[in-house]
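Chains, contacts and geometry: an overview
Below, each chain spelled out in residue letters.
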Amino acid sequence: MKVPLYLAVAQWTLLFAFGLLLIVVYRQLGRMLHKDDAATPLGPALGSKAASLEYNRFADDTVQYVTPGDGQPTLLAFVEPTCPSCEQLVLALGTAAHAGELSGLRVLLLTSSPSATQAYGATSTPLLVAIDRDGVVRAAAPAIRLAEVRTFSRACLLPPEAESIPITAAARQHENDLEAATPAAGAD
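Residues numbered from 1 in each chain as written. Predicted model: local features only at pLDDT ≥ 70, side-chain atom pairs only at ≥ 80, totals over all residues. Heavy atoms only, no water.

Regarding the pattern of salt bridges
Enumeration according to the criterion identifies 4 salt bridges in this entry. The salt bridge partner of Arg106 is Asp70, with a shortest N-O separation of 3.1 Å. Highlighted residues: Arg106 in strand 4 (residues 106-110) and Asp70 in the loop between strand 2 (63-66) and strand 3 (74-78), separated in sequence by 36 residues. Taking the relative accessible area as the measure of exposure, Arg106 reaches 15% and is therefore buried. Among the ionic pairs, Arg150 bridges to Glu101, the shortest N-O distance being 2.9 Å. (Salt bridge = Lys/Arg side-chain N within 4 Å of Asp/Glu carboxyl O. Helix = DSSP H or I, 4+ residues; strand = E, 2+ residues; numbered from the N terminus. Buried < 20%, exposed > 50% of the residue type's maximum accessible area, 1.4 Å probe, protein only.)

Shown next, in the form of structure tokens:
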């Protein structure tokens, strides 16, 4: 039985296309799973001056400006509406605020807009950034738990002579360091 020429050409063309598709999928999978040791850091560098930020208020859509270093400690929370982890962070912030643990801090919930991504390195959410009254970044890391929110709020209140404390996913390990570095209430 003789196979028509057009069917043989079609068969080899499909086989070639399938092989090419396998190569493309293999390369994409390899790129996706490739771990780069020199990953870009998430958030601004500790001890650096925080950048000024422009944002729109949700309540009335007016443009607001935040200039870190204006004497008010600031806690920035970068969140996205569709992010389940961000919902946990917002709940933790609400719990801390209700308990009075965020009093004296300017707390802003921000989406990771292009300007925020450039200024604060908010390439992933949720991200918390603690800025002291002098506009110095004291902590920046992903956070979702109440203990992490408490650690970041204390980092905002560090005195100028204290070093920034690197915050990791295990924020509890730094709580004692922060308590030792934070001035007692009313000691201003």
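Now, onward.
Concerning the confidence of the model for the chain
Taken as a whole, the chain shows an average pLDDT of 79; of its residues, 79% reach a score of 70 or greater. The lowest-confidence element of the chain is helix 5 (residues 175-181), averaging 46 in pLDDT; the highest-confidence one is helix 2 (residues 84-98), averaging 92. Segment residues 168-188 is flagged for pLDDT under 50; beyond a separation of four residues in sequence, or across chains, it makes 30 contacts in the model. (pLDDT = per-residue confidence, 0-100. Contact = heavy atoms within 4.5 Å.)

A short note on the side chain of Thr74
Its location among the elements puts Thr74 in strand 3. Among the polar contacts listed, one links the side chain of Thr74 to the backbone oxygen of Gln72, at a separation of 3.2 Å. Within polar-contact distance, the side chain of Thr74 engages the side chain of Arg106 at 2.9 Å. Filtering out sequence-adjacent residues up to four positions away, Thr74 remains in contact with Arg106, Val129, Ala130, Ile131 and Cys156. (Polar contact = N/O pair within 3.5 Å; in protein donor to acceptor, adjacent residues only side chain to side chain.)

Quick notes on the nonpolar core
Grouped together as the largest cluster of nonpolar side chains are 20 residues, with contacts concentrated most on Leu75, Leu128, Val149 and Phe152. Of all the secondary-structure elements, those providing two or more residues to this core are strand 3, helix 2, strand 5 (127-131), strand 6 (137-141) and helix 4 (146-156). For this core, the element with the most residues is helix 2, which contributes 5 residues. With sequence-adjacent residues up to four places away left out, Leu128 is seen in contact with Leu75, Leu76, Ala77, Leu89, Ala139, Ala140, Ala141, Ala143, Val149 and Phe152. (Core = buried A, V, L, I, M, F, W, Y, C linked by side-chain atoms within 4.5 Å.)

Some remarks on the pairing of strand 5
With respect to burial, strand 5 is a largely interior element, 5 of its 5 residues being buried. Along strand 5, one buried face is formed by Leu127, Val129 and Ile131 and the opposite face, lined by Leu128 and Ala130, is buried too. Bridge count for strand 3 against strand 5 is 5 bridges, and the pairing is antiparallel. Paired with Thr74 across the bridge in strand 5 is Ile131. Inspection of the sheet shows strand 5 paired to strand 6 by 4 bridges, in the antiparallel sense. (Pairing = 2+ DSSP bridges.)

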